[in-house]
Amino acid sequence: MENKQLITFMVAAETLNFTQTAKMLNFAQSSVTAQIKSLEAELGTPLFERLGKRLVLTEAGRKFLLYAEKMIKLNEEAKMAIAQDGELSGTLIIGAQESQCTYRLPGILKEFKDRYPNVKLMFKPAHSDDLAREQLMNGMLDVAFIMDISKPEEALTIKPLIQEDIKLVASPSHPLASKSEIYLKDIEQETLLLTETGCSYRTLLENSCHSAKVYPINKFEFGSIEAIKQCVIAGIGIAALPTMVVEQDIKLGRIVELKWENNIPPIFTHIAWHKDKWMSPPLTGFIELTQQYFQKFQGQ
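Residues numbered from 1 in each chain as written. Predicted model: local features only at pLDDT ≥ 70, side-chain atom pairs only at ≥ 80, totals over all residues. Heavy atoms only, no water.

With respect to the pattern of salt bridges
Here the structure, examined in full by the defined rule, presents 20 salt bridges. Across the salt bridge formed by Lys277 and Asp142, the nearest N and O atoms sit 2.6 Å from each other. Of the two residues, Lys277 sits in the loop between strand S12 (267-274) and helix H11 (281-299) while Asp142 sits in the loop between helix H7 (129-137) and strand S5 (143-148), which places them 135 residues apart along the sequence. Exposure remark for Asp142: the relative accessible area of 2% places this residue in the buried category. Overlapping salt bridges bring together Arg133, Asp148, Lys151 and Glu153 as one network. (Salt bridge = Lys/Arg side-chain N within 4 Å of Asp/Glu carboxyl O. Helix = DSSP H or I, 4+ residues; strand = E, 2+ residues; numbered from the N terminus. Buried < 20%, exposed > 50% of the residue type's maximum accessible area, 1.4 Å probe, protein only.)

This is the structure:
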């Protein structure tokens with residue numbers, strides 16, 4: 001199988017539309033169809049199927065996607081490893097939560113692209129820290145940002161970058177906003193606005209509640225931190241969010257910080273990669289640049 005076929009398959013697996021895939025890769029649609037059929041013939045099984053008007057991956061297609069990504073990355077690493085001259089190229093696949101992408105990474109990415117203009121950056125949303133770890137383990141990510149307590153990892157290299165404060169916040173009109181001190185028991189009857197299951201600080205908050213025998217009944221779960229923040233501003237409920245997400249809104253008076261007693265351990269943003277990962281110059285450069293930038297954040 002050719003690298004071109006693998007790339008076509010990956011794009012088609014993402015778009016689930018052969019016409020769109022052809023436009024993105026500047027191929028004729030018949031070429032996309034032929035490449036996919038050639039792959040399916042070589043593998044001896046269909047990779048896509050049509051359910052009504054929808055194109056979906058078969059079970060074999062979902063399994064093969066993991067290997068296609070690894071083969072493409074290995075091909076790029078091989079080229080980079082033996083390159084003698086010229087600009088470094090290739091692709092870095094980065095996993096990061098929405099808060100990191102919005103508030104921390106833009107400056108890092110701008111400087112990285114200035115240094116490595118021919119290296120393509122691809123972002124995959126890591127809605128939970130468990131998902132980021134899983135994707136690092138199976139090779140779907142080159143590097144990831146993980147917000148969690150510091151703990152040893154057998155197969156991953158994880159470097160702490162900065163300690164994160166988690167604030168319990170509400171709208172200024174919320175009944176708890178006027179209290180000088182909040183205890184976990186006070187939030188039992190409140191509506192909690194939560195991130196998805198697997199998010200470290202949600203898990204730590206829920207563990208803290210369970211330890212105190214506090215079991216909030218009303219919980220709304222969101223896939224977007226920004227959506228949670230807007231719901232807090234609207235007075236729908238209260239939320240525990242990283243300081244970087246809410247500090248500007250607190251300054252502007254749209255949100256207030258609740259003074260709460262909790263036993264949540266310190267949480268850090270980490271940068272992580274597989275311990276067996278080949279450290280290409282762009283990957284090494286990205287890690288070093290990230291560490292330099294987070295040192296600036298610590299000084300602020």
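Quick look at helix H1 (residues 3-15)
In this model, H1 (13 residues) spans 18 Å end to end at C-alpha, consistent with the 18 Å of a helix rising 1.5 Å per residue. Leu16, located one to two residues past H1, shows a positive phi value of around 55°. (Expected span 1.5 Å × (residues − 1).)

Side note on the environment of Gln291
The topology assignment puts Gln291 in helix H11. By relative accessible area, which is 29% here, Gln291 ends up partly exposed. In this structure the C-alpha to C-alpha distance between Gln291 and Ile271, which are 20 residues apart in sequence, comes to 8.5 Å. Beyond its immediate sequence surroundings of up to four residues, Gln291 is in contact with Lys159 and Leu161. (Contact = heavy atoms within 4.5 Å.)

So, the sheet that holds strand S11 (residues 256-258)
Read from one edge of the open sheet, three strands run S10-S7-S11, paired in antiparallel fashion. Edge positions in the sheet fall to strand S10 (239-242) and S11, since each of these pairs with one other strand and no more. Here the average twist between neighbouring strands, direction ignored, is 55°. Summarising the sheet, strand S7 (residues 166-170) and S11 pair through three bridges and their orientation is antiparallel. By the bridge assignment for S11, Val169 is matched with Glu257. Against the sheet, helix H9 (residues 225-233) engages S7 and S10, with an angle of about 130° to S10. (Pairing = 2+ DSSP bridges. Axes fitted to C-alpha atoms, helices over the stretch in contact; angles between N-to-C directions.)

Examining the pairing of S7
Counting buried residues in S7 gives five out of five residues, a clear majority hidden from the surface. Burial along S7 is two-sided: Ile166, Leu168 and Ala170 facing one way and Lys167 and Val169 facing the other are all buried. Bridging between S7 and S10 involves four bridges; their strand directions are antiparallel. Paired with Leu168 across the strands is Ala240, a residue of S10.

A short note on the packing of aromatic side chains
A full pass over the atoms with the stated rule returns seven aromatic pairs. Plain terms: the ring middles of Phe18 and Phe48 are 5.4 Å apart, the flat faces sit at 85° to each other, and that makes the pair edge-to-face. With Phe18 in helix H2 (residues 18-25) and Phe48 in strand S1 (residues 48-51), this pair connects stretches of sequence that are 30 residues apart. Accessibility assignment for this pair places Phe18 and Phe48 in one class, buried. A ring pair is formed by Phe145 and Phe294, whose centres lie 6.3 Å apart and whose planes are at 25°; its orientation type is stacked. Residue Phe145 is found in strand S5, and its partner Phe294 is found in helix H11; the two are separated by 149 residues along the sequence. A network of ring pairs unites the aromatic residues Phe112, Tyr116, Phe145, Phe286 and Phe294 as a single cluster. We note Lys70 situated over the ring of Tyr67; from NZ or CZ to the ring centre the distance is 5.6 Å. (Phe/Tyr/Trp six-rings, centres within 6.5 Å; stacked < 30°, edge-to-face > 60°. Lys NZ or Arg CZ within 6 Å of the ring centre and 35° of its normal.)

Brief notes about helix H3 (residues 29-43)
Between the first and last C-alpha of H3 there are 21 Å, a value that for 15 residues agrees with the 21 Å anticipated at 1.5 Å per step. Burial in H3 covers these residues: Val32, Gln35, Ile36, Leu39 and Glu40. The buried residues of H3 occupy one face: seen down the axis, they fall within an arc of 135°. Exposed positions of H3 whose direction lies more than 90 degrees from the buried face are Ser30, Lys37 and Ala41. Within two residues after H3, Gly44 carries a phi angle of roughly 75°, on the positive side. (Arc of directions from axis to C-beta.)

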